[in-house]
Protein chains: 2
Amino acid sequence: GSDEAARAAAARQTTLTKPPGSLGRLEDIAVFMARWQGNVVAHLDKVEALVFAGSHGVTARGVSAFPAEVTAQMVANFASGRAAINQLARHAGASLKVIPLHIDRPTADFTQAPAMDEAELVEAMTSGMAAVDPASDLVCVGEMGIGNTTAAAALAAALFGGKGVDWVGRGTGVDDAGLSRKAQAVDAALARHGAALGDPIEALRRVGGRELAAICGATLAARLHGIPVMLDGFVASAAAAPLAKLAPEGLAHALAGHVSAETGHRKLLAALHLSPLLDLGMRLGEASGACLAVNVLRGALACHAGMATFAEAGVSGSPPA
Amino acid sequence: GSDEAARAAAARQTTLTKPPGSLGRLEDIAVFMARWQGNVVAHLDKVEALVFAGSHGVTARGVSAFPAEVTAQMVANFASGRAAINQLARHAGASLKVIPLHIDRPTADFTQAPAMDEAELVEAMTSGMAAVDPASDLVCVGEMGIGNTTAAAALAAALFGGKGVDWVGRGTGVDDAGLSRKAQAVDAALARHGAALGDPIEALRRVGGRELAAICGATLAARLHGIPVMLDGFVASAAAAPLAKLAPEGLAHALAGHVSAETGHRKLLAALHLSPLLDLGMRLGEASGACLAVNVLRGALACHAGMATFAEAGVSGSPPA
């Protein structure tokens, strides 16, 4: 990030025709975007929504309200342009790229064995890194994968402590028995993998999934290219979280698009020191919340770029205190 | 509102390719808009942002961080297209109409006398009613008026009880002494006007202002035309509040675009049973928060209109419980 661009953007904000601070987080966003794009006035000409899809062996444990084949069906729905994310990406002015990751080959059931071997982890992370176009102005990351809120809960517990009950939620809508099975699956994974989960990337391999590994890779690649990232919900946030464990500023280039209704998300964002832009009770995934939040960024940058200064407009400033 | 259109929209939501409820408030918005537009799939082809401006005699009490002439200067800035609201209205796909209401003639200082006489109140409310184009799909209401957070605080206290200290905030950025003067002005107004404030419209006349009366009129006219309304911040919410006091469902056609950083707004929205769409620390007025929230509505309606049903997409539904 460029401290110089951030300082210049903050200075510009103080000259615009509004009481200082009165645009709230829109002002912070203008400064954040300037920092990561290295321009006092950042732009959003090329926004990409990356949706990674994967299949999960843990679905055998009855952790989802929907059958595992829905993952492939929804990937087809994305291709037909008729899913929620197609509408929300278009509305955000984002191009949508859907990347299925061997969805015909589920990860191993992580209550029994590591979800991925090392080659599989590397392949998935590399797919995520390769999906990021270095010319992007912003990358939104999201996912599709029946069973993946259980993987995300296991990963959150591995990284930040607690048990299954602290992190699982109803996902696509499991009943009380399903919720209990999710907590049991997480607890079984924590017991199975034990101290090996102390390494954040090893935790991603053992209890994550291919689409989580890809999101982690994409978020890392964006950082290397100096591109800001908009995280989607609970799963995407958990997927990126290993970067924050590896380095204190590892997610400094990321915004939380929203806080979802999935139980663990608010706590996870707090652990990541991320404050969500939206809080609308969404819990769909697919990068839907991230794309909706892009509109807030566009509004912030429109003000930052288009407003007159007090001097230009001949507006009297605040009298000296 | 049309119960039939609302029911049909809610039924449509359950067929779309997503877990039931997973779009959160976006689903509620689709139903709300269907109800007020009387169409199962509502549209936002014609969105209007109405910004009313007025001047306030109470500014003589030192209640604002900015001099009173800034109201006229900002109206000129709106006309030049360089204020925040110009950028945010364009981004929302809204046409902006600015309606100055005798800004060369401030209301009376309401600590001493009613802010408006009856003819002035009627003229201001009528201006607001006339500003609403019956062909609009949505009307956003906002304001500009140095001193008007003090008027809004006085009106909120008149309608919902409490004293000045319960409702005043820093507005454009007053210091502690200014904040104290605001509370004193509200308390003086409550003492001066007494029991007359028990009538909501009389309270608007005595402690409101021209732009507040116009917002109240515009919100009422929208209801008569069956047009949903997006409220902006503290001042716009207080201005519309008499309608909620006059009838329990008086603001059923209104959404709160955001909750502002102005101290009293969260409490006022709670009193109005309105849950804000955005919470971004904004406190500018000008309909800025309302216009930013229009993008959330557009996202909601894009999903409602554009998504495939489970049957169309060949996606397996949730198994029977």
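Structure report, in brief. Numbers given for residues are sequential positions, taken from 1 along each chain in its written order. Each chain gets a letter, beginning with A, and each ligand a number, beginning with 1, in the order they are written. Where local features are concerned, this predicted model is filtered to residues with pLDDT of at least 70; where side-chain atom pairs are given and counted, the filter is 80 or more; whole-chain, interface and lining totals use all residues. Note that water and hydrogens are dropped before the side-chain values are worked out from all heavy atoms of the structure.

1. With respect to the packing of aromatic side chains
Centre distance within 6.5 Å is the pairing criterion for rings of Phe, Tyr and Trp, where only the six-membered ring of Trp is used; planes under 30 degrees apart are then read as stacked, over 60 as edge-to-face, and the remainder as tilted. One pass over the full model with this rule turns up two aromatic pairs over all chains. For the ring pair phenylalanine 66 of chain A and phenylalanine 310 of chain B, a centre distance of 6.4 Å and an interplane angle of 15° mean the geometry is stacked. Of this pair, phenylalanine 66 of chain A sits in the loop between strand E1 (47-53) and helix H3 (70-80) while phenylalanine 310 of chain B sits in helix H14 (residues 310-313), placing the two residues on different chains. On the basis of relative accessibility, which here comes to 8%, the residue phenylalanine 66 of chain A falls in the buried class. Only DSSP runs of H or I with at least four residues qualify as helices, and only runs of E with at least two residues qualify as strands; both kinds are numbered from the N terminus onward. Burial here depends on accessible area, computed with a 1.4 Å probe over protein chains only, as a share of the maximum for the residue type. Under 20% is buried, over 50% is exposed, and the range in between is partly exposed.

2. Section: the side chain of glutamine 13 of chain B
All names here are of chain B. The topology assignment puts glutamine 13 in helix H1 (residues 3-15). Relative accessible area serves as the criterion here: at 5%, glutamine 13 is assigned to the buried category. Residues contacting glutamine 13, with those up to four places away along its chain left out, are Lys18, Glu27, Ala30 and His304. Contacts: residue pairs with any heavy atoms within 4.5 Å of one another.

3. Considering the relation of the copies chain A and chain B
A least-squares fit on C-alpha atoms brings the copies together, and the residues used are those whose pLDDT is at least 70 in both copies. For the match of chain A to chain B, the screw axis carries a shift of 0.0 Å, the RMSD comes to 0.0 Å, and the turn is 180°. When the rotation and shift are considered jointly, the pair of chain copies conforms to a two-fold rotation axis. When the interface residues of chain A are mapped onto chain B, 100% of them again fall at the interface, so both copies present the same face.

4. Here we look at the packing of helix H9 (residues 200-207) of chain B against helix H11 (residues 234-246) of chain B
Residues and elements named next belong to chain B. Close contact between H9 and H11 brings their axes to 8 Å; oriented N to C, the two are set at 160°. Between H9 and H11, the interaxial angle falls into the category roughly antiparallel. The chirality of how H9 crosses H11 is right-handed. On H11, the residues that touch Pro200, Ile201 and Leu204 of H9 are Pro242, Lys245 and Leu246. Grouping the amino acids of the contact of H9 with H11 by side-chain chemistry returns five nonpolar, no polar and one charged. The angle between two axes is taken between their N-to-C directions and runs from 0 to 180 degrees, where each axis is a line fitted to C-alpha atoms and a helix contributes only its stretch in contact. Each angle gets one of four labels, with under 35 degrees taken as roughly parallel, over 145 as roughly antiparallel, 65 to 115 as roughly perpendicular, and the rest as oblique. Take the far helix as your reference; a near helix turned counterclockwise from it by less than a right angle gives a left-handed crossing, and one turned clockwise gives a right-handed crossing. Just so you know the grouping, Ala, Val, Leu, Ile, Met, Phe, Trp, Tyr, Cys and Pro go in nonpolar, Asp, Glu, Lys and Arg go in charged, and all remaining residues, Gly too, go in polar.

5. Observations concerning the layout of surface pockets
All names here are of chain B. Using a 1 Å grid laid over the protein atoms alone, points where a 1.4 Å probe fits but cannot get out form a cavity; open sets with protein on both sides within 12 Å along at least 5 of 7 lines form a pocket; any residue with an atom within 4 Å of a point counts as lining. Grid points are joined across faces, edges and corners, and a volume is the space filled by probe spheres set on the points. Roughly 320 Å³ of volume is contained in the largest pocket. Surrounding the largest pocket, 21 residues form its lining, Leu251, Ala252, Leu272, His273 and Leu274 being those nearest its centre. Broken down by element, the residue count for the lining of the largest pocket peaks at four residues, all from helix H2 (residues 25-37). Of the residues in the lining of the largest pocket, the class split is 14 nonpolar, three polar and four charged. Domain segmentation is taken from an automatic or database assignment of domains. Counting residues domain by domain, the lining of the largest pocket receives three or more from each of domain 1 (3-41 + 306-313) and domain 2 (47-304).

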